[in-house]
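For reference, the chains in residue letters:
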Amino acid sequence: MPVSPGSGPCHLRVFYGRPQKFLDDTLWEGPCGGLFVATDQPLVAGDPVLLEVHVQGAPNGVFLDGSVRWVRRAAGAARGKPPGVGIEFSDACLKRVTFLRRLARGEVTQALTRRKRRTPVALPAKAVAGNGGPVDVVLRDVSQGGAFVAGERVPTADKFQLEFDSPYTRQHIVVGAEVRWRSSAPRGAGVQFTFDAPAHRLALAAFVSRVECESEPVTVLG
């Protein structure tokens with residue numbers, strides 16, 4: 001059953017005007033650790049969260065999956081400490097967390113610019129390569145130009161076909177996918193969309209536009 005892109009974890013977009021503030025808000029030592037986020041969102045321990053972290057010097061936000069470890073309410077906040085949540089990152093975020101820490105310390109001076117905005121989704125799809133049968137995958141971080149295709153059995157071919165149903169219109173959408181990079185944690189591939197017909201391009205554009213409208217995150221200033 002298709003999963004609505006508007007459902008799932010709470011999406012928090014956090015802006016750090018001072019890179020050092022990101023380091024100051026970092027919680028727990030270890031490979032991934034976590035982050036304190038000052039917010040009054042009605043979250044409780046265990047809730048899944050998707051953080052979109054923007055640090056000065058990075059042209060794009062970095063998406064980090066995590067869960068709420070503890071909550072500090074306004075009524076119980078200690079003197080000088082704002083209400084908010086402690087978010088623990090998933091192990092799959094190690095490379096992205098390391099990048100953000102290096103950026104905040106000034107160890108990374110230049111980052112690649114992504115030309116198209118990516119919006120988080122969790123949408124079941126089918127991937128078909130060559131004469132093989134369809135493989136179950138999940139579309140994530142979708143844009144007009146491409147997406148991250150997650151799954152344990154993402155085709156190893158450089159090109160394959162993606163098929164999925166829009167949760168808004170139930171329209172069956174078919175697009176080509178050219179692999180640009182692959183990931184082992186989480187397992188999947190970043191793909192660029194290709195189209196066999198103008199109608200397919202229009203269908204995909206309408207779907208992505210709706211996703212962007214439905215997926216407005218809560219903005220937090222770090």
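Please refer to the structure placed before this passage.
Residues numbered from 1 in each chain as written. Predicted model: local features only at pLDDT ≥ 70, side-chain atom pairs only at ≥ 80, totals over all residues. Heavy atoms only, no water.

Chemist: Mind showing me how you'd approach the nonpolar core here?
Modeler: What tends to happen in soluble globular proteins is that the nonpolar side chains get buried as a cluster. If you look at the biggest cluster of nonpolar residues, it comprises 27 residues, and the most contacted ones within it are Leu139, Leu162, Val191, Phe193 and Leu204. Elements that contribute at least two residues to this core include exactly β7 (123–128), β8 (135–140), β9 (146–150), β10 (159–165), β11 (172–184), β12 (187–194) and α3 (198–214). It is α3 that provides the largest number of residues to this core, a total of five residues. Counting 24 residues, the second largest nonpolar core, distinct from the first, contains Val14, Leu51, Val55 and Val85. (Core = buried A, V, L, I, M, F, W, Y, C linked by side-chain atoms within 4.5 Å. Buried < 20%, exposed > 50% of the residue type's maximum accessible area, 1.4 Å probe, protein only. Helix = DSSP H or I, 4+ residues; strand = E, 2+ residues; numbered from the N terminus.)

Chemist: Hey, could you run me through the environment of Leu100 in this one?
Modeler: The topology assignment puts Leu100 in helix α2 (residues 94–104). The class of Leu100 is buried, set by a relative accessible area of 0%. Between the C-alpha atom of Leu100 and that of His54, which follows or precedes it by 46 residues, the distance is 9.1 Å. For Leu100, the contacting residues outside a window of four places in its chain are Phe22, Val53, Val55, Val62 and Leu64. (Contact = heavy atoms within 4.5 Å.)

Chemist: Just checking my understanding: could you explain α2 for this structure?
Modeler: An α-helix turns once every 3.6 residues. As a result, residues three or four positions apart point the same way. The complete set of buried residues in α2 reads Val97, Leu100, Arg101, Leu103 and Ala104. Taken around the axis of α2, the buried residues stretch over an arc of 160 degrees, which confines them to a single face. Each element contacted by the buried residues of α2 is listed here: α1 (19–24), β2 (26–27), β4 (48–55), β5 (62–72) and β6 (84–89). Of the residues trailing α2, Gly106 is marked for its positive phi of about 85 degrees. (Arc of directions from axis to C-beta.)

Chemist: Would you mind showing me how to read the pattern of salt bridges here?
Modeler: Counted according to the given criterion, the structure contains nine salt bridges. Between Glu107 and Arg102 there is a salt bridge, and its shortest N-O distance comes to 3.5 Å. A relative accessible area of 45% means that Glu107 is categorised as partly exposed. Here Glu178 makes a salt bridge to Lys159, at a shortest N to O gap of 3.8 Å. Linking Glu178 in strand β11 with Lys159 in strand β10, this pair joins segments that are 19 residues apart in sequence. What makes Lys159 exposed here is its relative accessible area of 57%. (Salt bridge = Lys/Arg side-chain N within 4 Å of Asp/Glu carboxyl O.)

Chemist: Looking at this model, I keep getting lost on the side chain of Arg72. Mind explaining?
Modeler: Position of Arg72 relative to the elements: it lies in strand β5. The side chain of Arg72 is buried and forms no salt bridge, while Asp25, the nearest opposite charge, is found at 8.0 Å. From its side chain, Arg72 meets the backbone oxygen of Pro82 in a polar contact 2.9 Å long. (Lys, Arg positive; Asp, Glu negative; His and termini not counted. Polar contact = N/O pair within 3.5 Å; in protein donor to acceptor, adjacent residues only side chain to side chain.)

Chemist: I keep staring at the sheet that holds β7 and nothing clicks. Help me out?
Modeler: Either a parallel or an antiparallel arrangement is found when strands of a sheet pair, and the pairing is made through backbone hydrogen bonds. Within the closed barrel, the six strands sit side by side as β7-β8-β9-β12-β11-β10. Their pairing is antiparallel. Each strand of the sheet is rotated relative to its neighbour by a mean of 45 degrees, with strand direction disregarded. Taken together, the three bridges between β7 and β10 define a ladder with antiparallel strand orientation. Within β10, the residue paired with Ala127 across the bridge is Leu162. (Pairing = 2+ DSSP bridges. Axes fitted to C-alpha atoms, helices over the stretch in contact; angles between N-to-C directions.)

Chemist: Looking at this structure, I do not really get the pairing of β8. What am I missing?
Modeler: When a strand is regular, its side chains alternate between the sheet's two faces. Across the two faces of β8 the burial differs, with Val135, Val137 and Leu139 buried and Asp136, Val138 and Arg140 not buried at all. As judged from the five bridges shared by β7 and β8, these two strands associate in the antiparallel manner. Residue pairing in the sheet places Pro124 in a bridge with Val138 of β8. Where β8 and β9 come together, three bridges link them in antiparallel fashion. The residue of β9 that forms the bridge with Leu139 is Val149. Joining the antiparallel neighbours β8 and β9 is a turn of five residues, in which Asp141 adopts a positive phi near 50 degrees.

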